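# Structural description and commentary
Given next are the chains, with one letter for each unit.
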Amino acid sequence: MTEATPARARPQLVRARPPSTATIPFLLNGLQVHARKGDTVLTALLTQAGHLRTSEFLARPRAGFCLMGACQDCWVSCSDGRRVRSCTTLIEPGMSLCLPPAAFSCPAKGDTPVPGMEETGGCTPPHPLGDKPCFPQQDAAQSPVKRTMNPRIIVIGGGPAGIRACEILVSHGLQPTLIDESPRPGGQIYRQPPQGRERPARALYGFEAGKARRLHETAQTLLPHIDYHPETLVWNAAPGMLDLHGPQGMARQAYTHLILATGATDRILPFEGWTIPGVYSLGGAQVSLKHQDCLVGNRVAFVGTGPLLYLVAYQYARQGAHVAGVFDSAPFSAQLRALPGMCRKPAVLAKGLYYLAWLRARGIPIHTSCTPVRVEGSEHVQGLRVRQGSREWTVACDAVATGYGLRSETQLPDLLECEFDYSPLHRAWLPRLDPAGRSSVAGIYLAGDGAGIGGADMAEIAGARAALALLADIGRLVPLRQARSLERRINRWRAFRHALERAFPFPDWQAWPRPGHTLLCRCEEVTCAQAVAALQMDGQPELNRIKALCRVGMGRCQGRMCSSAAAELLAAQGDIDTSSVGRLRSQAPVKPIPLTALGADPSA
Ligand SMILES: Cc1cc2nc3c(=O)[nH]c(=O)nc-3n(C[C@H](O)[C@H](O)[C@H](O)COP(=O)(O)OP(=O)(O)OC[C@H]3O[C@@H](n4cnc5c(N)ncnc54)[C@H](O)[C@@H]3O)c2cc1C
Ligand code: FES
C-alpha cells in the first residue's frame, strides 16, 4: 500500500489547530491518505489539495464556494462512479475519491496503486447519469423516514426559527415533524460541529454562546416529543405533500400545516476572478471555521458589506489567521448616519463596535467605500485588487471571503404558490405574510430569515409567533397577550434591520464597473457580457426570459449565487428599478438529488 508523499498542489484549507479525533484512511487518486474523523470530504481533500474539480464549460479549477450546500460547486467523483457534494458529506474510512491530476496527481509512475483500484476502474469519470446516493437505496415504502413521520404539522428548518416553532407546538401538546437538511439542530448561526469535534460554546459562538447553548438544550429536550429528521432535504413541495430525500432515500410526506423556517444564504455580487479556488462566500469562510475548525487560507482578505464582514474577519483573526484587510463597499458616512437607528439595540451595536475596535487595535487594515476589482491568480488566489475612489491597489492574500448581506431561501413557498411582494429593504421578492407569519396560502406559515432577513434573535421570536398563529388556526386557545408581545418584539427588530441596511447599503451596480468577461453565473459560466447580449437581443429586462436565452440562473444552484446580481445587472442595463425585472421561478428539486433516487436507471 502506498502512503502519499506530500501534497502535489498547494492545499487550500488550513487547520486552525490539529484535530484530536482519530485519523481516517481514504484513497485519493489511488493513493492512501488520511483525514480526521468529522472532516467533510471537502476538508479532507482541500487540506491536501488545491482544488476539487474543473468546471464543465471552461474547464477552470474549482474548490467550492459556499461550504453550506447552496452553490453546488463542490461535487467530487468517487472511483466507483458516484458523486458526492463534498462540503456536506462526512469522510468515511475507505472512501475512494478522485481529483483532477493538477489538484492532486493520480498515481504517478513508480507509485503503487492500492490493490483493488484497478478493479474499480481507478479514477473513472463521473457517471453519465449523475449522482448515485452514497447509502444503500431503499424502496420508499420501506423507508423509516416515511414510516415514522407525523403526517400533519411539519416544520422545515432546524435553526432558531424552526426550533422555537416546535417548542411552542410541543408546549400545546402537539407532536410536529421537524425536517432539517443539517445533521444537527442549530441552523446557520448556532451550527454544531460534527460529533466528536465539539469545542467550548464560547470558542464557537463568542458572545452568542449563551443563546447557542439555550437553543441546543431546547432542541435536545424537544427530541422525545417531535418527529425529527436530520440530514433530510425537502426537495419539492406541493399542496398537502412534500418530497423528501434523506439518509434512507426518498419519501413522500403528507401535511396539513407547514412552517417554513428555511433560513438564508450569502448574497453574492460577482467580480473578476470570484470563481478562482480560494475565493469563498463569507458564510462559507465562517462555516469552515465553526464546523471544521479550518481557515480558508493563511492570509485572508474580506470584501463585501454588512455586519458579518467584520464579525468573520474578527473570528479569523482570533483563530490566528492573517487578515489581509477588510474592504467594505459601504461609506463610513452611511454607518455614522445609521448610528441613531442602531442605538435601538445597544447590545448588538456594542458588539459590532467591539469587533471593529478589536480589528483596528491589531492594525488590521479596514477600508470603507471600497470595491473589489479582481482576484489575482488563475489556479489559486494570489492577491486581491481593490478600488477606493480613484485609487487602486493589490492586497497580497491566498484567500478571499466575500458577501453582501444575506438572501432568503424562498424556493419552497414559491413552489407552494404563495404570493410574493417586492421588498425594497431586502432588494428581493419575499412571500407576502401577515404580522403573525401566515402566507397567502392557508396552512402555510413562514418564520426567520427565510421570510426576510432579520437575524437570529428575530428568527426565534418569529418562529414562536408563527406557531401560535398555526395553533389559533386549528382552533387551539392561544394567549393573545403573548402573541401581541411577540409581534411588538418582531417590529422592534425590523426597525433595527432598517438601520442596518442604511449602515451597510447594497452597492450600486452602475457605480461598480465590471469587465464583460466577468462570470455572472458560476454554474453555467455565463459572463456579464453574454447576459447583456441576451438582453439586447430580446429587449425585455425580465429574469426568466434572460435565463431562457443565456442560461443565467439555470445551473445546479438554481440562481442562489447569481440571481441577485443578474437582477441588478438587468435593472442597470434597462435603467429600471430592480423590482421590475421579476424573480426567477423556482423549480423542483430545489437542490440536486441523485437521479437514481428518482428512479432513473444508471445503466441505461
Ligand atoms: C452562513 C451564515 C452565517 C451566519 N453567521 C451569523 C453570525 O455569525 N452571527 C449572526 O448573528 N448571524 C449570522 N447569520 C444569520 C443567522 O444565521 C440567521 O439570522 C439565523 O440563523 C436565522 O435563523 P433561521 O432559523 O431563520 O434560519 P437558519 O438558522 O438558517 O436555519 C435554517 C435551516 O433550514 C434548513 N433548510 C433550509 N432549506 C431546507 C430544505 N429545503 N429542506 C430541509 N431543510 C432545509 C437549513 O439546513 C437550516 O438548518 C448567518 C447566516 C448565514 C447564512
Ligand atoms: S461548496 Fe458545497 S455546495 Fe457550495
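Residues numbered from 1 in each chain as written. Chains lettered and ligands numbered in written order. Predicted model: local features only at pLDDT ≥ 70, side-chain atom pairs only at ≥ 80, totals over all residues. Heavy atoms only, no water.

Around ligand 1 sit 31 residues, and of these Ala161, Asp180, Gln188, Gln286 and Asp449 come closest. In the environment of ligand 1, an oxygen atom lies 3.2 Å from a nitrogen or oxygen atom belonging to the backbone of Pro160. Val234 is positioned with one of its backbone polar atoms (N or O) 3.0 Å from a nitrogen atom of ligand 1. Look at ligand 1: alone it shows 970 Å² of surface, and the protein chains cover 91% of it. (Near = heavy atom within 4 Å. Polar contact = N/O pair within 3.5 Å; in protein donor to acceptor, adjacent residues only side chain to side chain. Areas by Shrake-Rupley, 256 points an atom, 1.4 Å probe, with all protein chains shown as cover.)

As a further point, take the sheet that holds strand E17 (residues 279-281). The strand order across the open sheet formed by 5 strands is E17-E25-E19-E20-E21, and the pairing between neighbours is parallel. Looking at strand neighbours, the two that pair on one side only are E17 and strand E21 (366-367), the edges of this open sheet. Note: E17 against strand E25 (residues 399-404), 3 bridges, orientation parallel. Looking at the pairing, Val279 lines up with Val400 of E25. Sheet strands touched by helix H7 (residues 282-292): E17, strand E19 (299-305) and E25. Its angle to E17, the strand with the most contacts, is close to 90 degrees. (Pairing = 2+ DSSP bridges. Helix = DSSP H or I, 4+ residues; strand = E, 2+ residues; numbered from the N terminus. Contact = heavy atoms within 4.5 Å. Axes fitted to C-alpha atoms, helices over the stretch in contact; angles between N-to-C directions.)

Along the chain, Lys290 turns up in helix H7. In this structure, Lys290 is buried with no salt-bridge partner, the nearest side chain bearing the opposite charge being Glu208 at 9.2 Å. (Buried < 20%, exposed > 50% of the residue type's maximum accessible area, 1.4 Å probe, protein only. Lys, Arg positive; Asp, Glu negative; His and termini not counted. Salt bridge = Lys/Arg side-chain N within 4 Å of Asp/Glu carboxyl O.)

Overall, the coordinates contain 37 salt bridges when judged by the stated rule. Between Glu392 and Arg387 there is a salt bridge; the shortest N-O distance is 2.9 Å. By relative accessible area, which is 31% here, Glu392 ends up partly exposed. Through salt bridges with shared partners, a single ionic network connects Arg53, Glu56, Arg62, Asp73, Arg522, Glu525 and Arg556.

Within strand E20 (residues 322-328), 6 of the 7 residues are buried, leaving the element largely enclosed by the surrounding structure. Here E19 pairs with E20 via 6 bridges, running parallel. Bridge pairing links Phe302 to Val326 in E20. Crossover connection from E19 via helix H8 (residues 307-318) to parallel E20: handedness right-handed. By the bridge criterion, 2 bridges tie E20 to E21 in an arrangement that is parallel. Within E21, the position partnered with Phe327 by the bridge is His367. (Right-handed = clockwise from strand over helix to strand, strands pointing away.)

Below, the discussion takes up the sheet that holds strand E24 (residues 391-395). The strand order across the open sheet built from 3 strands is E22-E23-E24, with neighbouring strands paired in antiparallel fashion. The open sheet has two edge strands, strand E22 (370-376) and E24, and neither has a second partner. Taken over all neighbouring pairs, the strand axes of this sheet differ in orientation by 25 degrees on average, direction set aside. The sheet contact formed by E22 and strand E23 (residues 383-388) spans 6 bridges and is antiparallel. Its bridge partner being in E23, Arg374 is matched across the sheet by Arg385.

On to a nonpolar patch on the surface. On the surface, a nonpolar cluster with roughly 270 Å² of combined accessible area is contributed by Phe332, Leu336 and Leu339. Relative to the helices and strands, Leu339 resides in helix H9 (residues 332-342). A relative accessible area of 31% means that Leu339 is categorised as partly exposed. (Patch = residues over 30% accessible without salt bridge, like charges linked within 9 Å, V, L, I, M, F, W, Y side chains within 5 Å.)

Among the 7 residues of E19, 6 are classified as buried, and the element is accordingly described as predominantly covered. Of the strand pairs in this sheet, E19 and E25 are connected by 6 bridges, and their pairing is parallel. Considered in E25, the bridge of Ala301 is made with Val400.

Within this structure, the stated rule accounts for 6 cavities of 30 Å³ or more. Considering only enclosed or pocket space, the largest cavity measures out at about 480 Å³ in volume. As for the largest cavity, its lining consists of 31 residues, and the residues nearest its centre are Arg407, Thr410, Ala428, Trp429 and Ser563. Contributions of two or more residues to the lining of the largest cavity are made by strand E26 (406-408), helix H11 (411-415), strand E27 (420-423), strand E28 (428-431) and helix H16 (563-574). Considering every element that reaches the lining of the largest cavity, the biggest residue donor is H16, with 4 residues. (1 Å grid on protein atoms, 1.4 Å probe; cavity = no way out; pocket = protein on both sides within 12 Å on 5 of 7 lines; lining within 4 Å. Points joined across faces, edges and corners; volume = space filled by probe spheres on them.)

Relative to the elements of secondary structure, Arg53 occurs in strand E4 (residues 53-54). If near-sequence neighbours (up to four positions away) are discounted, Arg53 is found in contact with Arg60, Pro61, Arg62, Asp73, Cys74, Trp75, Pro100 and Arg556.

Here we come to helix H4 (residues 160-171). In this model, H4 (12 residues) spans 17 Å end to end at C-alpha, consistent with the 16 Å of a helix rising 1.5 Å per residue. Summarising burial for H4: 10 of the 12 residues are buried, a large majority. Buried within H4 we find Pro160, Ala161, Gly162, Ile163, Arg164, Ala165, Cys166, Ile168, Leu169 and Val170. Each element contacted by the buried residues of H4 is listed here: strand E9 (153-156), strand E10 (177-179), helix H6 (209-222), strand E15 (257-260), helix H12 (456-473) and helix H13 (480-503). Among the residues trailing H4, Gly173 stands out with phi positive, at a value near 85 degrees. (Expected span 1.5 Å × (residues − 1).)

All right, on to the nonpolar core then. Within soluble globular proteins, side chains that are nonpolar generally end up buried alongside one another. By size, the foremost hydrophobic cluster in this structure holds 160 residues, and its most contacted members are Phe26, Phe302, Tyr316, Val326, Leu359 and Leu384. With 12 residues, the top contributor of residues to this core is H12. With near-sequence residues (within four places) excluded, Phe302 lies in contact with Leu282, Leu309, Val312, Ala313, Tyr316, Val323, Gly325, Val326, Phe327 and Ala401. Counting 23 residues, the second-largest nonpolar core is a separate cluster that includes Val234, Trp235, Ala237 and Phe420. (Core = buried A, V, L, I, M, F, W, Y, C linked by side-chain atoms within 4.5 Å.)

Interpretation of this model should avoid reading the predicted coordinates in detail wherever pLDDT is low. For the chain, the average pLDDT comes to 89, and 89% of its residues sit at 70 or higher. Here residues 1-8 is modelled with pLDDT under 50, and outside its nearest four sequence neighbours on either side it reaches 21 contacts, counting other chains as well. For the stretch residues 106-151, pLDDT sits under 50, and the model shows 106 contacts to residues farther than four places along the chain or on other chains. (pLDDT = per-residue confidence, 0-100.)

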